[in-house]
Amino acid sequence: AGFAVPAGFACHYVNTGVPHVVHFVQSLKELHELDVRAAGAAVRRHPRFAPKGANVDFVCICDAAAGTAGNVVHVRTYERGVEDETLACGTGATAAVAVALALGLLRDVGTDGVPVLTSGGEQLRIGRAGEHTFTLSGAVTLIAEGRLYLQGLGLALPTTS
């Protein structure tokens with residue numbers, strides 16, 4: 001099933017290092033039932049965001065237990081390049097909070113931040129370090145280590161002076 005971007009589709013564009021389009025939904029039920037792949041692809045490829053497109057964040061600000069208005073941000077992100085939903089996106093979480101603050105949907109989150117729950121179950125915290133500066137925190141797990149040999153790639157080693 002495809003998704004056509006309807007006339008009057010309310011969304012907000014912001015660049016958090018990567019371009020994002022943020023769309024707010026009214027309930028967790030609506031967020032969970034949304035076909036992120038179809039809707040995200042349609043919005044991502046909309047001529048308004050050409051030629052490179054943008055990541056698309058579908059957001060609900062509500063209390064997780066009650067599904068009612070609250071101060072917890074729930075986000076599902078369609079990521080360009082991946083061309084599908086991603087389980088967690090730090091720049092998307094930041095975009096959602098930045099737009100929600102600008103629209104008055106969240107009270108000031110301060111440096112402690114607000115919880116952001118991703119579709120992969122990660123809980124991130126987005127805080128405010130300045131008017132246009134945000135912080136991102138969350139769990140970190142080392143999954144691999146490696147070495148990169150610059151000479152093997154034909155690159156020069158940095159010199160120290």
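Anyway, here's the lowdown on the structure attached to this text. Given the structure is predicted, the values throughout are model-derived calculations rather than measurements.

Quick notes on the rules
Residues numbered from 1 in each chain as written. Predicted model: local features only at pLDDT ≥ 70, side-chain atom pairs only at ≥ 80, totals over all residues. Heavy atoms only, no water. Helix = DSSP H or I, 4+ residues; strand = E, 2+ residues; numbered from the N terminus. Core = buried A, V, L, I, M, F, W, Y, C linked by side-chain atoms within 4.5 Å. Buried < 20%, exposed > 50% of the residue type's maximum accessible area, 1.4 Å probe, protein only. Contact = heavy atoms within 4.5 Å. Expected span 1.5 Å × (residues − 1). Disulfide = S-S within 2.5 Å. Pairing = 2+ DSSP bridges. 1 Å grid on protein atoms, 1.4 Å probe; cavity = no way out; pocket = protein on both sides within 12 Å on 5 of 7 lines; lining within 4 Å. Points joined across faces, edges and corners; volume = space filled by probe spheres on them.

Here we come to unusual backbone geometry. For residues besides glycine, phi is generally negative; the peptide bonds are generally trans as well. Of note, the amide linkage connecting Ala 50 to Pro 51 takes the cis form, showing an omega dihedral of 5 degrees. The phi dihedral of Glu 83 is positive, around 60 degrees, even though this residue is not glycine. Within the secondary structure layout, Glu 83 lies in the loop between strand E4 (68–79) and strand E5 (84–86).

Looking now at the nonpolar core. The biggest cluster of nonpolar side chains holds 20 residues, and the ones touching the most others in it are Val 59, Val 73, Val 97, Leu 106 and Val 116. Of all the secondary structure elements, the ones that give two or more residues to this core are strand E2 (19–24), strand E3 (55–63), E4, helix H3 (90–102), strand E6 (114–118) and strand E7 (123–130). By residue number, the principal contributor to this core is H3, which donates seven residues. Grouped together as the second largest cluster of nonpolar side chains are 16 residues, Phe 9, Leu 31, Ala 41 and Tyr 78 included.

Here Val 25 lies in the loop between E2 and helix H1 (28–33). For the pair Val 25 and Ile 61, spaced 36 residues apart in the sequence, the C-alpha separation amounts to 8.4 Å. Residue contacts for Val 25: discarding those within four places in its chain leaves Glu 30, Leu 31, Val 59 and Cys 60.

The terminal C-alpha atoms of H3, which comprises 13 residues, lie 18 Å apart, in line with the 18 Å expected from a rise of 1.5 Å per residue. Taking burial as the measure, the 13 residues of H3 include ten buried ones, the bulk of the element. If you check which residues of H3 are buried, you get Gly 92, Ala 93, Thr 94, Ala 95, Ala 96, Val 97, Ala 98, Val 99, Ala 100 and Leu 101. Downstream of H3 by one or two residues, Gly 104 has phi in the positive range, about 75 degrees.

Most of helix H2 (residues 36–44) is tucked away, with eight of its nine residues classed as buried. Regarding H2, the residues found buried are Val 36, Ala 38, Ala 39, Gly 40, Ala 41, Ala 42, Val 43 and Arg 44.

Let's shift gears to the state of the cysteines. Counting across every chain of the model gives zero disulfides. Among the cysteines around Cys 11, which has no disulfide bond, Cys 89 carries the closest sulfur, lying 16 Å off.

Strand direction decides the pairing type here: strand E1 (residues 12–15) and E2, joined by four bridges, are antiparallel. Paired with Val 14 across the two strands is His 20, which belongs to E2.

Quick look at the pairing of E2 now. When you tally the buried positions in E2, you get six out of six residues, the bulk of the element. Alternating positions in E2 separate into two faces, Pro 19, Val 21 and His 23 on one and His 20, Val 22 and Phe 24 on the other, with burial throughout. Hairpin connection between E1 and E2: a loop of three residues separates the two successive antiparallel strands, and Gly 17 in this loop has a positive phi of roughly 105 degrees.

As a further point, take the layout of surface pockets. There is about 190 Å³ of room inside the largest pocket. If you go around the largest pocket, the residues you meet are Val 14, Asn 15, Thr 16, Thr 94, Ala 98, Leu 101, Ala 102, Arg 128, Glu 131, His 132 and Phe 134. Secondary-structure elements contributing two or more residues to the lining of the largest pocket are E1 and H3. Ranked by the residues each element gives to the lining of the largest pocket, the list is headed by H3, at four residues.

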